[in-house]
Amino acid sequence: MTTIYHNPACGTSRNTLAMIRNSGEEPTIIEYLQHPPSREQLAQMIRDAGLTVRDAIRQKATPYAELGLDDAALSDDQLLDAMLTHPILINRPFVVTSRGTRLCRPSELVLEILENPQQGGFTKEDGEVVVNAEGHRVNSAR
């Protein structure tokens, strides 16, 4: 079973969801801005993805600076509190499968943890070809 913590307004999140579907799977979709994970779930996803709490905070187009979250003295607990109070601070998309957890930035990181191979070609919204017609990953020069 695959779960994506999704923001439909985010191109990276939409591309990630489309690659999951291109593998033949329909994931559980959690629109985390309306239904944020619990503190324990969020902390576990961050750990399982091999990230620090600070790595999992989204800075762009969020209240990150206004809240003073760039203060290196803030603890992980304080950062998690901010992320749960303001879910827009949770970087996206997190994807959880039986093969692992990834913060899929770039979106093609999801290919590392999908249970099934891609079933055909995939091109991102910006025109970048990620998977060829045979379902094989294309190494981009970008």
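This text goes with the structure placed above it.
Below you will find a few notes about this structure. (Residues numbered from 1 in each chain as written. Predicted model: local features only at pLDDT ≥ 70, side-chain atom pairs only at ≥ 80, totals over all residues. Heavy atoms only, no water.)

Leu 42, Ala 43, Met 45 and Ile 46 are the residues of helix α2 (residues 39–48) that are buried. All buried residues of α2 project into a common sector of 160° when viewed along the axis, lining one side. Seen from the open side of α2, the exposed residues pointing more than 90 degrees away from its buried face are Glu 40 and Arg 47. Its buried side turned inward, α2 meets β1 (3–6), α3 (76–85), β3 (94–97) and β4 (100–103). Following α2 by one or two positions, Gly 50 adopts a phi angle in the positive range, close to 75°. (Buried < 20%, exposed > 50% of the residue type's maximum accessible area, 1.4 Å probe, protein only. Helix = DSSP H or I, 4+ residues; strand = E, 2+ residues; numbered from the N terminus. Arc of directions from axis to C-beta. Contact = heavy atoms within 4.5 Å.)

Inspection of every chain in the model, using the stated rule, returns zero disulfides. This cysteine, Cys 10, is not joined by any disulfide, and Cys 104 carries the nearest cysteine sulfur, 11 Å off. According to the relative accessible area criterion, Cys 10 is buried, its value standing at 6%. (Disulfide = S-S within 2.5 Å.)

A word on the side chain of Asn 7. For Asn 7, the position within the fold is in the loop between β1 and α1 (11–22). Of note is the side chain of Asn 7, whose polar atom sits 2.9 Å from the backbone nitrogen of Ala 9. Asn 7 has contacts with Ser 13, Tyr 32, Leu 33, Ile 88 and Arg 92, leaving out every residue within four places of it along the chain. (Polar contact = N/O pair within 3.5 Å; in protein donor to acceptor, adjacent residues only side chain to side chain.)

All right, on to the nonpolar core then. The biggest cluster of nonpolar side chains holds 20 residues, and the ones touching the most others in it are Leu 42, Ile 46, Leu 80, Met 83, Leu 89 and Phe 94. Put simply, the parts of the chain that give this core at least two residues each are α2 and α3. In contact with Leu 80, other than residues within four places in its own chain, are Arg 39, Leu 42, Ala 43, Ile 46 and Val 53. (Core = buried A, V, L, I, M, F, W, Y, C linked by side-chain atoms within 4.5 Å.)

Another point: unusual backbone geometry. Of the consecutive residues Arg 92 and Pro 93, the connecting peptide bond is found in the cis state with omega at -5°. Relative to the elements of secondary structure, Pro 93 occurs in the loop between α3 and β3. One non-glycine residue, Ala 61, lies in positive phi territory at about 55°. Tracing the backbone shows Ala 61 in the loop between α2 and α3. A relative accessible area of 69% places Ala 61 in the exposed class.

Summarising the sheet, β1 and β3 pair through three bridges and their orientation is antiparallel. The partner of Ile 4 across the bridge, within β3, is Val 95. With four bridges connecting them, β3 and β4 associate as antiparallel partners. Of the residues in β4, the one forming a bridge with Val 95 is Arg 102. A loop of two residues connects β3 with β4, the two strands running antiparallel in sequence. (Pairing = 2+ DSSP bridges.)

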